[in-house]
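Structure at a glance
These are the residues of each chain, in order.
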Amino acid sequence: MKLFDVYPLFDIEITEGKGCHVYDDHGTEYLDLYGGHAVISVGHCHPVVVKAINEQASRLMFYSNSVINPLQERLAEKLGKISGYDDYQLFLVNSGAEANENALKLASFHTGKSRVIAFGKAFHGRTSGAVEVTDNPKIVSPFNDNGHVTFLPLNDIDALVKELEKGDVCAVIIEGIQGVGGIRIPSDDFLRVAREECDRYGAVLILDEIQSGYGRSGRFFAHQYSGIRPDIITVAKGIANGFPMGGVLISPKFTPAYGQLGTTFGGNHLACATAIAVLDVFENENLVENAAKIGEYLLDNLRGLPGVKEVRGRGLMIGIEMEYPAKDLRTRLIKEEKVFTGAAGTNIIRLLPPLCLTMEEADEFLTRFKRLLETESPKA
Ligand SMILES: *Cc1c(COP(=O)(O)O)cnc(C)c1O
């Protein structure tokens, strides 16, 4: 059988990882400023996480959600404490898109409405419901063009208020910081108005913190810079450091009904043990504070480099907008400088490193990036 040919982008096989480095099948070391797409939160193969996986795998990997799973309760308790959402309820799933699907469903159950507001350049995942609220012409689904979703420009307060005033909106879904959209930050004012107006008109405010959450922004959740509390928060990517997992944090005002949501694999024992170990590392190594500190250092030192038009971001979620298309630059970073980064749009290099990135590793990246910029010739 052949693979369905939608991947890969680079002809490289990564076989090992440690901290902020990965190694290919020839033993070449790469600095990982991409975190395997914002997934590696506490560093590759962190010993605490590896140990938790090994121990749980030899005891019990999975049993059905029809019985009590104390690991889920332990994870909920830990996540509540570290995130500041102790009073919220947790529903565990397997991926980001699935978390958003469940968030949207809950919003419609709760309000009895079905119209959703999402934003230009948004990315919320690739399953049917998630694609519906994703504003990307490359991944639309013709089955879902049902007129339920209105896209508005991010940070356009007047447009948002005007839509909510119609009274038929079920949910507003916003990324904590837009990732795929090119590291675009919803302003604090915009989030505060969204919070007030959702309350006034009975809409559910959903914050998709799948990429921006779990410490990446320098706060546990990116929206916490604004002081608002959403009704629902979705998480995935970094929550189990590469083990597939997602979660929905749900305000206490939602009353669950037996059987309302469900999943076979969501919240399985192995995933929960991994996610608990990840939070242990967050606490022991002060990773949220580290992301804030190293992120600020990178932002300061990236501004004004040759060919750099604008640098945006918070913590270790950084977009470097170039004056020219950045595709070659990303490839040359990998091939010549042995640095993995992400990309966004045509002109943006996206940094999403593990949150344990050290000052020395940040400097190493800056040295290699500068070296490349000095020899990169702008292409119109
Ligand atoms: C990655 C991502 C998703 C989708 O997560 P999957 O695990 O790929 O389904 C949704 N929203 C945001 C903001 C993301 O970055």
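Residues numbered from 1 in each chain as written. Predicted model: local features only at pLDDT ≥ 70, side-chain atom pairs only at ≥ 80, totals over all residues. Heavy atoms only, no water.

Quick look at the sheet that holds strand β11 (residues 308–314) now. An order of β11-β12-β15-β14 is seen for the four strands of this open sheet, with the pairing classed as antiparallel. With one partner strand each, in any of the chains shown, β11 and β14 (342–344) form the two edges of the open sheet. Taking the axes of each pair of neighbouring strands and ignoring which way they run, one obtains an average angle of 25° across the sheet. Judged from the six bridges that link them, β11 and strand β12 (residues 317–322) form a sheet pairing that is antiparallel. Bridging from a neighbouring strand, Arg314 pairs with Met317 of β12. In the packing of helix α10 (residues 327–335) onto the sheet, contacts are made with β12, β14 and β15 (348–351), and the angle to β15 comes to roughly 45°. (Pairing = 2+ DSSP bridges. Helix = DSSP H or I, 4+ residues; strand = E, 2+ residues; numbered from the N terminus. Axes fitted to C-alpha atoms, helices over the stretch in contact; angles between N-to-C directions. Contact = heavy atoms within 4.5 Å.)

Following the criterion strictly, the structure yields 20 salt bridges and no others. A salt bridge links Arg312 to Glu310; its shortest N-O distance comes to 2.8 Å. Judged by its relative accessible area of 39%, Glu310 is partly exposed. Arg332 is paired through a salt bridge with Glu336; the nearest N and O atoms lie 2.8 Å apart. Here the residues in one salt-bridge network are Arg115, Glu163, Lys166 and Asp168, joined through shared partners. (Salt bridge = Lys/Arg side-chain N within 4 Å of Asp/Glu carboxyl O. Buried < 20%, exposed > 50% of the residue type's maximum accessible area, 1.4 Å probe, protein only.)

Further remarks concern the packing of aromatic side chains. According to the stated counting rule, one finds 10 aromatic pairs in the structure shown. Relative to Phe221, the ring of Tyr85 has its centre 5.9 Å away and its plane inclined at 65°; by these criteria the two rings are edge-to-face. Pair noted here: Tyr85 is in the loop between α3 (70–83) and β4 (89–93) and Phe221 is in the loop between β8 (204–208) and β9 (232–235), with a separation of 136 residues, a long-range link. One aromatic cluster is present, built from ring pairs that chain together Tyr85, Tyr88, Tyr214, Phe220, Phe221 and Phe282. (Phe/Tyr/Trp six-rings, centres within 6.5 Å; stacked < 30°, edge-to-face > 60°.)

Most of strand β10 (residues 246–250) sits out of view: five of its five residues are buried. Residues Gly246, Val248 and Ile250 point to one face of β10 and Gly247 and Leu249 to the other, with burial holding for every one of them. Looking at chain direction, β4 and β10 are connected through five bridges and run antiparallel. Bridged to Leu90 within β10 is Leu249. For β9 and β10, the ladder comprises four bridges, and the chain directions are antiparallel. Paired with Ile232 across the bridge in β10 is Ile250.

Let us look at the environment of Ile117. Mapped onto the fold, Ile117 is located in strand β5 (residues 115–119). Distance from Ile117 to Ser66, taken between C-alpha atoms, is 35 Å for residues 51 residues apart in sequence. If near-sequence neighbours (up to four positions away) are discounted, Ile117 is found in contact with Thr150, Leu152, Leu160, Glu163, Leu164, Val169, Ala171, Val172 and Ile173.

Okay, the state of the cysteines next. Enumeration over the complete set of coordinates arrives at zero disulfides. With no disulfide of its own, Cys20 lies 3.7 Å from the sulfur of Cys356, the closest cysteine sulfur. Take Cys45: it sits in no disulfide, and the sulfur closest to it among the cysteines is that of Cys356, at 12 Å. (Disulfide = S-S within 2.5 Å.)

Once that is clear, we can look at the nonpolar core. Phe282, Leu298, Leu302, Ile320, Phe365 and Phe369 are the most contacted members of the largest nonpolar core, which has 60 residues in total. A per-element tally of this core places helix α8 (residues 269–284) first, with nine residues. In contact with Phe365, not counting residues within four places along its chain, are Leu31, Leu33, Leu298, Leu302, Val339, Thr341 and Leu351. In terms of nonpolar packing, the next biggest core, distinct from the first, is built from 20 residues, Phe91, Leu106, Ile173 and Leu261 among them. (Core = buried A, V, L, I, M, F, W, Y, C linked by side-chain atoms within 4.5 Å.)

Inspection of the region around the ligand gives Ser95, Gly96, Ala97, Asn100, Phe123, His124, Gly125, Glu175, Asp208, Ile210, Gln211 and Lys237 as its neighbouring residues. Contact distances for the ligand include 2.8 Å between an oxygen atom and a backbone N or O atom of Gly96. At 2.8 Å from an oxygen atom of the ligand is found a main-chain nitrogen or oxygen belonging to Ala97. Compared with its free state, where it exposes 390 Å², the ligand has 81% of that area covered by protein. Counting residues per element, the shell around the ligand draws most heavily on helix α4 (residues 96–111), at three residues. In the shell around the ligand, the residues fall into three nonpolar, six polar and three charged. (Near = heavy atom within 4 Å. Polar contact = N/O pair within 3.5 Å; in protein donor to acceptor, adjacent residues only side chain to side chain. Areas by Shrake-Rupley, 256 points an atom, 1.4 Å probe, with all protein chains shown as cover. Nonpolar A, V, L, I, M, F, W, Y, C, P; charged D, E, K, R; others polar.)

The next subject is unusual backbone geometry. That bond from Tyr7 to Pro8 is cis: its omega, -15°, falls within 30 degrees of zero. Residue placement: Pro8 occurs in the segment before β1 (14–18). The phi dihedral of Lys121 is positive, around 70°, even though this residue is not glycine. With respect to the helices and strands, Lys121 occurs in the loop between β5 and α5 (128–132). The partly exposed category is assigned to Lys121, whose relative accessible area is 45%. Notably, Asn241 is not glycine yet its phi reads approximately 55°, a positive angle.

Our focus in this paragraph is the confidence of the model for the protein. On average, residues of the protein score 96 in pLDDT, and 98% of them are at 70 or above. Element-level pLDDT for the protein is lowest in α5, with a mean of 92, against a maximum mean of 99 in β9. (pLDDT = per-residue confidence, 0-100.)

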